[in-house]
Amino acid sequence: MSAKDIFHDAVRSALEKDRWIITDDPLFMRVGDVNFQIDLGAEKIIAAEKDNRKIAVEVKSFVAKSEVKEFHLTLGQILNYRSALRKIHPNRILYLAITFEVYDSFFRREFVQDVIAEHQLKLLIFDPNKEEIITWKN
């Protein structure tokens, strides 16, 4: 089992404050002979739709020396997780959870925005101190 990201508990708390039910911590999947472990699985019952939304959340702190290298690794991880989810949990939507500071300082860059658009990455932007979700970027 891999180590939890430093913001794992803050994201979990933020989701719970937003009335998400944590169903998996972590969310394990096996596709063929490959194991995957996404940080969190959650669901939220939407009464108006009489349905529930299911998500998977990968938490990344981006504290490594090279944000670009961490972005490359994270992108590959997200694409693989998305492929695995399509096979095992096709009704779950995958989000990458990052702090507002990381979003503001790195993810707003033009190239990064182009990659986000090209790969249709979904972001959950949170405040680690308040343990609150700031916004969802779909």
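Conventions and cut-offs
- Residues numbered from 1 in each chain as written.
- Predicted model: local features only at pLDDT ≥ 70, side-chain atom pairs only at ≥ 80, totals over all residues.
- Heavy atoms only, no water.
- Phe/Tyr/Trp six-rings, centres within 6.5 Å; stacked < 30°, edge-to-face > 60°.
- Helix = DSSP H or I, 4+ residues; strand = E, 2+ residues; numbered from the N terminus.
- Buried < 20%, exposed > 50% of the residue type's maximum accessible area, 1.4 Å probe, protein only.
- Salt bridge = Lys/Arg side-chain N within 4 Å of Asp/Glu carboxyl O.

1. Section: the packing of aromatic side chains
- Here the structure, examined in full by the defined rule, presents nine aromatic pairs.
- On the basis of an interplanar angle of 70° and a centroid distance of 5.8 Å, the ring pair of Phe7 and Phe126 is categorised as edge-to-face. Of this pair, Phe7 sits in the segment before helix H1 (8-17) while Phe126 sits in strand S7 (residues 123-127), and the two are 119 residues apart along the sequence.
- Taking the relative accessible area as the measure of exposure, Phe7 reaches 18% and is therefore buried.

2. Notes on the pattern of salt bridges
- Evaluated as defined, the whole model comprises seven salt bridges.
- For Lys60, the salt bridge is made with Glu58, and the minimal N-O distance between the two is 3.5 Å. The same class applies to Lys60 and to Glu58, which are both buried.
- As a salt-bridge pair, Glu67 and Arg109 come within 3.8 Å of each other at their nearest N and O atoms. Of the two residues, Glu67 is situated in helix H2 (residues 67-88) and Arg109 in the loop between helix H3 (100-107) and helix H4 (110-119); the sequence distance between them amounts to 42 residues.
- Relative accessible area serves as the criterion here: at 24%, Glu67 is assigned to the partly exposed category.
- Residue Arg109 is classed as partly exposed on the basis of its relative accessible area, which comes to 43%.
- What you see here is one network of salt bridges that share partners, running through Arg12, Glu16 and Asp25.

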